[in-house]
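# An overview of the molecular structure
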Amino acid sequence: MSKGFSNSSVGRKILMALSGFFLLIFLVQHLVINLISVVSADGFNEVSEFFGTNPVIQYLLQPVLFFGIIFHLIMGMYLDVKNKAARPIKYAMNKPSENASWVSRNMIITGVMVLLFLALHMVHFFFPTINAHYITHEHLDSFEMVASKMANPVYIGIYVAAFVFLGLHLMHGFQSAFQSVGVNHPKYSPIIKKLGTAYAIIVPLGYIFVAVYHYACSFCS
Ligand code: HEM
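The following paragraphs examine the structure supplied in this document.

What counts and how
Residues numbered from 1 in each chain as written. Predicted model: local features only at pLDDT ≥ 70, side-chain atom pairs only at ≥ 80, totals over all residues. Heavy atoms only, no water. Donors = N, O, S within 2.8 Å, 3.2 Å for Na, K, Ca; no water. Buried < 20%, exposed > 50% of the residue type's maximum accessible area, 1.4 Å probe, protein only. Helix = DSSP H or I, 4+ residues; strand = E, 2+ residues; numbered from the N terminus. Expected span 1.5 Å × (residues − 1). Bend = angle between axes of the 7 residues up to and from the residue. Contact = heavy atoms within 4.5 Å. Axes fitted to C-alpha atoms, helices over the stretch in contact; angles between N-to-C directions. Parallel < 35°, antiparallel > 145°, perpendicular 65-115°, else oblique. Left-handed = near helix turned anticlockwise from the far one by under 90°. Nonpolar A, V, L, I, M, F, W, Y, C, P; charged D, E, K, R; others polar.

## So, the coordination of the iron atom of the ligand
For a metal with four tetrahedral donors the ideal donor-metal-donor angle is 109.5 degrees, while six octahedral donors give ideal angles of 90 or 180 degrees. All of the protein donors around the iron atom of the ligand are His30 (NE2) and His121 (NE2); their distances to the metal are 1.9 to 2.0 Å. Exposure remark for His121: the relative accessible area of 13% places this residue in the buried category.

Here you go:
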C-alpha cells in the first residue's frame, strides 16, 4: 500500500472501514463460540482449547486481531479530532438532531465504553488463558472460568451495559463502513442500513443472552 493512500483522508477512512469489517466478522465468530457454552460445557472447552493452542490462530490471527482493535481505536480518535477541527460551527449551536443522529455523533463515546469493557474482559478471560497456556501450563477449564465470572451480578451489569454501547456503536458503524469504502447506492444503501440495524441488535442481544444465561445457571445448582 502506498504511503500516499494511508496519508490521505479518504485512504484513512477506508482503512478505518476495513478494520471495522474485520472486527464485525470477529464479533460473529466470538459470539458463535460463546453460544456453544450454552449448549455444551465440553464442546465449549474443546473449541476454546483449539482456539487457544492452534499455531495459526495464536501467531497469526490473534496478533492481527489485536492490531486491528488498536488500529481501529487510534484511527477512530484521529478521524474524530480531524472532523471536529474541520467543522466551523459546533454541532450544539447547529441543531444537532437535524445534522446527524446521537449515535453517529458519539461514536467515540460508545467506542471508549466498549474499550473499557475490553480491558476488564482481558483481565477476566484473556490473561488467565495466556497464563495457563504459557506460564503455569495448567489445564484450563474455560467453561468454569466463564460460568464463575458470569455468576457475579456486578459483572453482569457491566457486561450488559457494555453490550448496549456495542450495539449503539454498531448501529452507525456498520453502514458507515460501507459508505467509507464507496458503497453509496440508492438501491443498496437502504438494504445495508437495514442489515446494519439487524446486526447491531441481534449480535449484542446474543452476547447479553450468553451472559444472562450463565448468571441464571449460577442459581441452578
Ligand atoms: C458474554 C459475552 C462474552 C463472553 C462470555 C466472552 C468470553 C471470552 C473468553 C472465554 C475469552 C478467552 C478465549 C481464549 O483465549 O481462549 C475471550 C477473549 C476475547 N474476547 Fe470475549 N467474551 C464475550 C464478549 C466479548 C465481546 C462483546 C467482545 C468485543 C467487543 C469480546 C472480545 C474478546 C477479545 C478481543 C478476546 C481476546 C482474543 C481471543 O481470545 O479471541 N468478547 N472472551
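## A look at helix α4 (residues 55-86)
For an α-helix, the turn length of 3.6 residues means that residues three or four places apart are oriented alike. A rise of 1.5 Å per residue sets the reference length of α4, with its 32 residues, at 46 Å; its end C-alpha atoms lie 45 Å apart and thus fit the reference within 8%. A maximum bend of about 35 degrees is found in α4 at Leu61, where proline Pro63 lies one to four positions downstream. Residues of α4 that are buried include every one of Ile57, Gln58, Leu65, Gly68, Ile69, His72, Met75, Gly76, Leu79 and Asp80, and no others. For α4, the secondary structure elements touched by its buried residues are α2 (9-39), α3 (41-53), α7 (107-136) and α9 (153-180).

## Re the packing of α2 against helix α10 (residues 188-217)
Closest axis-to-axis distance for the α2/α10 pair is 10 Å, and the angle between their directions is 30 degrees. As far as their axial angle goes, α10 and α2 are roughly parallel. Taken as a pair, α2 and α10 cross one another with a handedness that is left-handed. Across the interface between the two elements, Leu24, Leu27, Val28, His30, Leu31, Asn34, Leu35, Ser37 and Val38 from α2 touch Tyr199, Val203, Gly206, Tyr207, Phe209, Val210, Tyr213 and His214 from α10. The residue makeup of the contact of α2 with α10, split by class, is 12 nonpolar, five polar and no charged.

No statement about biological role is implied by the geometric values presented.
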